[in-house]
Amino acid sequence: MQAVSRGARPARRDVLRAGAGLATALAAGATAAGCAPGSDDGVAADGTVTIEMWHGQTDTGKKALESLVAAFGRSHPRIRVELGGGVLADAMLQKVTAALAAGSYPDIAYVFGSDLASVARSPQVVDLTDLVRAAPTPWSSYWAPARKAVTVNGRVRAAPAVLDSLAVVCNKKLFRQAGLPLPEAGWRWDDFVATAKALTDTGGGRFGTGWPGVGDEDTVWRLWPMIWDLGGDVVADDGRHIGFGDTGTRALEVVAELARDKSVYVDPKPGSEQMYQVFMSGRMAMAVTGPWQLPDIRQARIDYHVVPLPTFSGRPMTISGPDTWTVFDNGDARRKAAKTFVSWLAQPAQDVRWDIRAGSLPLSRGTRDLPAWQHKEGTTEGLGVFTKALDSARVRPVHAAYPQISQALGQAVVAVLLGRSSPAKAMRACAADANAALLIPR
């Protein structure tokens, strides 16, 4: 989720990665391969160490990273970073899994935060706990979502790569035409439903809001802030059941109301591109989205307003979906060089360049306070709302069963969106599948 064009890096919510099967293959493959690093130690005769980074970026994100790698090379002439991988981030889990099974893997890879628990089952994933908690890595200044997203069972298993949050972007012209005031911070989900209904013109092809409707992670993660706000959680304290049976039903009732009012555009394709096209064509009044969408909205010349997510309680609540730079062990020299590079990337002077050009929110408060980021916020309408939301943002648990839980909840959301099931019935089916996944030994 980003403050640059969606084309700058992959559509991070496009598909729900098949975490269970891939995690099993990853663990089995790593064992079969003997968990041995590649034979190339990466050290040249002059002592220069070469490391390989599978970056997963495209367009602007790739160019931003190339610029940073060049700067790193000038200040660290004995470390050479080669960018590659040949796949975008959505395909990275499959590629990394196959590479670990074959015993030939990169030194650094861009791994979705929701995939980290599966990847970290491999013994070749480097523990970065000591690195991130020592200077110059600004660990204590990181936003809480950035820290939690890379922590598995109390150990730091990756470095944060990007950070985002969800808010609501409103089309001011449609609000004016309907004679409705723009929403403000502190509004409630009942307000959201009523506003969406008031802004809907079924005959004219205008919708109050939109929701991804394929059951993928894009479908699901918009529901978690509601569940958390109601006091639920993804996994119950006992670790054997979901923690959102009742709260999930209440959250789905909001979805059901939108569907009954015909005020929600249900995007039938992965990636949510059609939903955003409807918004940018002036036929949708409110889009629940992140900062990554702002450049496209501005390019479409939409006069817009950004407001925090509504809540049930009145307390601020949103979700952040950080992704990671995961380091793999290819021997002492390459491991040390890779850790040096990811630590360098995380420092505010580099982070702010990456954030502005490639679309992340600041990883740390130190980055946020830099003049370059303050200028970016000051010249980008609504960007500060997304940054401020990080104060109250939560993240999905780094749990190996999360993909199955998400898949079950995604099916429930779609069933309610399409009027195929009631919230209570859909949640019962979700709980049965998700609870079964939590009982699988991992």
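Bear in mind that the values here come from a model prediction, so they are computed numbers and not experimental data.

A. Quick look at the overall build of the protein. Counting its secondary structure elements, the protein contains 20 helices and 16 strands. Against the globule reference of 22 Å for 442 residues, the protein gives a C-alpha radius of gyration of 22 Å, in line with a compact fold. Expressed along its principal axes, the backbone C-alpha trace of the protein runs to roughly 70 × 50 × 35 Å. In the protein, of all internal contacts separated by at least 6 residues, the share reaching a separation of at least 24 is 78%. Of the roughly 16700 Å² of accessible surface on the protein, a fraction of 51% belongs to carbon and sulfur atoms. Each charge class in the protein was averaged separately, 49 positive and 43 negative side chains, and the resulting centres sit 2 Å apart.

B. Molecular detail of the packing of aromatic side chains. In the structure shown here, the tally under the stated rule is 15 aromatic pairs. Taken together, a centroid distance of 5.4 Å and an interplanar angle of 70° make the contact between Phe 207 and Tyr 265 edge-to-face. Residue Phe 207 is located in the loop between helix H8 (189-198) and strand E8 (209-212), and its partner Tyr 265 is located in strand E11 (residues 264-267); the two are separated by 58 residues in the primary sequence. The structure contains a cluster of three or more aromatic residues connected by ring pairs, namely Tyr 110, Phe 112, Trp 325 and Trp 354.

C. Structural view of the pairing of strand E12 (residues 286-289). Both faces of E12 are covered, namely the face carrying Met 286 and Val 288 and the face carrying Ala 287 and Thr 289. Pairing of strand E7 (residues 167-171) with E12 involves four bridges; the strand directions are antiparallel. The residue of E12 that forms the bridge with Cys 170 is Met 286.

D. Local environment of the layout of surface pockets. By volume, the largest pocket is sized at about 340 Å³. Taken together, 13 residues make up the lining of the largest pocket; nearest its centre are Ala 117, Val 152, Asn 153, Val 398 and Ala 400. Grouping the constituent residues of the lining of the largest pocket by class yields six nonpolar, three polar and four charged.

E. The arrangement of the side chain of Thr 129 in detail. Structurally, the position occupied by Thr 129 is in helix H5 (residues 129-132). Classification of Thr 129 as buried rests on a relative accessible area of 4%. There is a polar contact of 3.4 Å between the side chain of Thr 129 and the side chain of Arg 155. Ignoring anything within four residues of it in the chain, the contact list for Thr 129 reads Arg 155 and Val 156.

F. Expanded view of the nonpolar core. In this structure, Leu 223, Trp 224, Trp 325, Phe 341, Ile 405 and Leu 409 are the most contacted members of the largest nonpolar core, which totals 120 residues. Top contributing element to this core by residue count: helix H19 (residues 402-417), with eight residues. Excluding anything up to four places from it in sequence, Ile 405 contacts Trp 224, Val 234, Val 235, Ile 242, Phe 244, Ala 434 and Leu 438. Ranked by size, the runner-up nonpolar core spans twelve residues in total, among them Val 96, Leu 100, Tyr 105 and Phe 328.

G. View of the confidence of the model for the protein. Residues with a pLDDT of 70 or more make up 91% of the protein, whose mean pLDDT is 90. Low pLDDT (under 50) marks residues 1-39, which in the prediction has 141 contacts with non-local residues, meaning those over four places away or in another chain.

H. Here's a closer look at helix H17 (residues 371-378). Those residues of H17 not exposed but buried are Trp 373, Lys 376 and Glu 377. End-on view of H17: buried residues confined to an arc of 95°, all on one side of the axis. In H17, those exposed residues whose orientation departs by more than 90 degrees from the buried face are Pro 371, His 375 and Gly 378. Looking at the buried side of H17, the elements it contacts are helix H15 (348-358), helix H16 (365-368) and helix H18 (383-389).

I. Fine view of the sheet that holds E7. Taken together, the three strands give an open sheet; going across it, the order is E12-E7-E13, and neighbouring strands pair in antiparallel fashion. Of all strands in the sheet, those bounded by a partner on one side alone are E12 and strand E13 (304-307). The mean angle between the axes of side-by-side strands here comes to 25°, regardless of whether they run parallel or antiparallel. Packing of helix H12 (residues 273-280) onto the sheet brings it into contact with E7 and E12, and relative to E12 it is tilted by some 140°.

J. Looking closely at a positive patch on the surface. Positive charge collects at one region of the surface, where Lys 63, Arg 74, Arg 353 and Arg 357 lie side by side. Where the positive patch is concerned, the elements lending two or more residues are helix H2 (60-75) and H15. Tracing the chain through its elements places Arg 353 in helix H15.

K. Just the sheet that holds strand E2 (residues 79-84), in detail. Pairing in this open sheet of five strands is mixed, and the strands run E2-E1-E3-E15-E6 from one edge to the other. Two strands lie at the open edges of the sheet, namely E2 and strand E6 (159-162), each paired on one side alone. Neighbour to neighbour, the strand axes of the sheet diverge by 25° on average, direction disregarded. The sheet contact formed by strand E1 (residues 49-54) and E2 spans six bridges and is parallel. Paired with Trp 54 across the bridge in E2 is Gly 84. The sheet strands contacting H2 are E1, E2 and strand E15 (323-327), and the helix crosses E2 at an angle near 165°.

What counts and how
Residues numbered from 1 in each chain as written. Predicted model: local features only at pLDDT ≥ 70, side-chain atom pairs only at ≥ 80, totals over all residues. Heavy atoms only, no water. Helix = DSSP H or I, 4+ residues; strand = E, 2+ residues; numbered from the N terminus. Rg over C-alpha atoms; globule rule 2.2 N^0.38 Å. Contact = heavy atoms within 4.5 Å. Areas by Shrake-Rupley, 256 points an atom, 1.4 Å probe, with all protein chains shown as cover. Lys, Arg positive; Asp, Glu negative; His and termini not counted. Charge placed at Lys NZ, Arg CZ, Asp CG, Glu CD. Phe/Tyr/Trp six-rings, centres within 6.5 Å; stacked < 30°, edge-to-face > 60°. Buried < 20%, exposed > 50% of the residue type's maximum accessible area, 1.4 Å probe, protein only. Pairing = 2+ DSSP bridges. 1 Å grid on protein atoms, 1.4 Å probe; cavity = no way out; pocket = protein on both sides within 12 Å on 5 of 7 lines; lining within 4 Å. Points joined across faces, edges and corners; volume = space filled by probe spheres on them. Nonpolar A, V, L, I, M, F, W, Y, C, P; charged D, E, K, R; others polar. Polar contact = N/O pair within 3.5 Å; in protein donor to acceptor, adjacent residues only side chain to side chain. Core = buried A, V, L, I, M, F, W, Y, C linked by side-chain atoms within 4.5 Å. pLDDT = per-residue confidence, 0-100. Arc of directions from axis to C-beta. Axes fitted to C-alpha atoms, helices over the stretch in contact; angles between N-to-C directions. Patch = residues over 30% accessible without salt bridge, like charges linked within 9 Å, V, L, I, M, F, W, Y side chains within 5 Å. Salt bridge = Lys/Arg side-chain N within 4 Å of Asp/Glu carboxyl O.

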